[in-house]
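Survey of secondary and tertiary structure
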Amino acid sequence: MKKGLLICLGAFLLLGLSITSCNKDFERIIAERDYQDTATIAYGNPKVLYIIADGARGVSVRDANTPNIKSLLPNAIYSWVSLANPDLTTEVNNWADMLTGVRKEKHGVTDLDFTNDHLDKFPLVFDLVKQENPQVKTVAFSSSEVFNTNFTHGTNAHSLLKTDEEVKAGVVNNLKTDSASFVVAHFTEIDKAGDQYGSDNSIPQYKAAIEKFDGQVGEILTALRSRPKYKDENWLVVITSSTGGAFTLPANQNDNTVFSNTAANTFIIYYASKYVQKGISKPYTGNRFVGNSVRLFGREGGVHANVPSNESTEELYNFQDTAGFTIELKIKKNDPRKDGSYRQNYPSVLGKMNEWSGNHPIDNEKGWCIFLEETFWQIYLRGDNGDRRGQQRGQDLGKGTWNHIAAKLEKRNNRRYIRTYTDGVYFGSEMDVTDWGNFKTGAPLTLGFIPGNGHGECDVQVADIRIWRTSLPDAVIKNYACETAVDETHPYYKYLAGYWPVLDAKGGEIKDLSPLENHFKLSGSYEWKSFNDLICSPSTAALSNMVPQNADIPAQIISWFRIPRKAIWQLDGRVWLDQ
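Residues numbered from 1 in each chain as written. Predicted model: local features only at pLDDT ≥ 70, side-chain atom pairs only at ≥ 80, totals over all residues. Heavy atoms only, no water.

**Focus on the sheet that holds strand β13 (residues 367–374)**
The strand order across the open sheet built from 8 strands is β15-β14-β13-β12-β20-β10-β24-β23, with neighbouring strands paired in antiparallel fashion. Edge positions in the sheet fall to β15 (389–396) and β23 (509–510), since each of these pairs with one other strand and no more. Where strand β10 (residues 304–307) lies against strand β20 (residues 445–447), 3 bridges are found, and the strand directions are antiparallel. For N306, the partnering residue across the bridge sits in β20 and is T446. (Pairing = 2+ DSSP bridges. Helix = DSSP H or I, 4+ residues; strand = E, 2+ residues; numbered from the N terminus.)

**Notes on helix α15 (residues 553–560)**
A large share of α15 lies buried, amounting to 7 of its 8 residues. When we look at burial in α15, the residues that qualify are I553, P554, A555, Q556, I557, I558 and W560. After α15 finishes, the residue R562 shows a positive phi value of roughly 60°. (Buried < 20%, exposed > 50% of the residue type's maximum accessible area, 1.4 Å probe, protein only.)

**Quick look at the pairing of strand β16 (residues 402–412)**
In terms of burial, β16 is largely enclosed, as 9 of its 11 residues are buried. Across 8 bridges, strand β11 (residues 325–333) lies against β16 in antiparallel orientation. Paired with K332 across the two strands is W402, which belongs to β16. Summarising the sheet, β16 and strand β17 (residues 415–422) pair through 8 bridges and their orientation is antiparallel. Its bridge partner being in β17, R412 is matched across the sheet by R415.

**Regarding the confidence of the model for the protein**
Note that predicted coordinates carrying low pLDDT should not be read in detail. Per-residue pLDDT for the protein averages 89, and the proportion of residues at 70 or more is 92%. Every residue in residues 1–42 scores below 50 in pLDDT, and together they form 4 contacts with partners more than four places removed in sequence or on other chains. (pLDDT = per-residue confidence, 0-100. Contact = heavy atoms within 4.5 Å.)

**So, the packing of aromatic side chains**
As enumerated under the stated definition, the model contains 24 aromatic pairs in all. Pairing W402 with F531 gives two aromatic rings, centres 4.9 Å apart and planes at 35°, and the pair type is tilted. A residue pair is termed long-range when its members are at least 10 positions apart, and W402 in strand β16 and F531 in strand β25 (residues 528–535) qualify at 129 residues. Among the residues examined, W402 registers a relative accessible area of 0% and is labelled buried. Among the residues examined, F531 registers a relative accessible area of 8% and is labelled buried. (Phe/Tyr/Trp six-rings, centres within 6.5 Å; stacked < 30°, edge-to-face > 60°.)

And the structure:
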């Protein structure tokens, strides 16, 4: 035991000598440096210049002569295709997004009537910053009375000015003389030019307003860089537009995604001297889909199509109780209400059912039907076991773009399930239909209107219809969803019970190019039209999340001030990084 104790003591002595030696090395290195561990040296003195221009379309700012704005790009995170709220492109709603960091569902600001707003629960970014750092001095300059009255709470000072030129002068003077850490400049004259003349660079007055704004930005940046202690300060410069402006795009520029909504097209620049250049461009919006199609619409007197019913076709397109089944098609919704919603309520698109009615008559409604509801689609099934029926939902469909949809009847462990897929993606839930009986019916296979009452009328185009006498694996559905043709190389080609490409069709038939040749017969005043569109476009929500949005800006500013984000704020925005 004594021997062991001596060994341990010896080890501790050696360790102590080592630590002492290391400390002497560290002391020697530190002594050679003039080092001060202060927040200013480590991080700089954070300040923010926030410039907002109403009505400036991002692509118009990009393409105009805007050298001062573009001079920031080498040290900026920026996008010419950032987005205002695509569903509510009023300035007042977007000001609320840009200054609270939450969207309309929370802040409640939708128009000039502020009676239902929730700005008490979701305060402006000025208040959030001051909660954590009361020393931050904030000033705001605007040429809008509404903005000055409703969106400057929490600032130390704010000024309502008559023109954008006066706003510029106020900001320049403040940067020269004041110690504010958070400066807001709000400009309105680009928006006024767009409202009066149109929002596009092809309109001289609009382009001139953008280029005048760029000159005003240049004077502000000169004043900023002329500050005596500018090099010791750490400025984030945010230049952005609250909204774009209304303009009808040429057909070859309109992809029917959110990026063709000119009123939602903004730009944003986050500039800081330490940033590495990062441009955020328009994301992938889908494959190009080219061909001919016919519009299906209306009731009995509209345009629809049937595969004449006979003993062969009855069996081919029925859901039996022993076999799997898969139905696929491409669909493009039109906008029958002409209000931009593209909503259609309960119209049949493709089905095999004698009647499609709101009261679901038990005698005539056996079979299956793919239909639309609001912004999404569903498949309805009814078996011969009493009144067993139900519907399985699919995902939302694009507005004016093509989507691939699929429904699959799958058998597993002696149970039967129905699943849906949109653009190859499984919806995420399935419906057990094992005890519903057989879905067999003598009704014809029908595109468009199925006789009945209580359901809406479809207004769609369809193409690339495929019916398989097997349940295709999920991976196969996904791999072929955005393909626009099927041939013998498809791994399940031998199970093909019907294939109607539609794309090169003409006359009164939609040809079945499967070996079975069961052609659809068109009814009504049909008309074939060529198209060149996108297919499998991501949803508006998915596309919006790929680029900066107005609600992101407060989160970026709070992060710049090195303020920890709090869950109680419920911010919707994200922080964009330069890496």
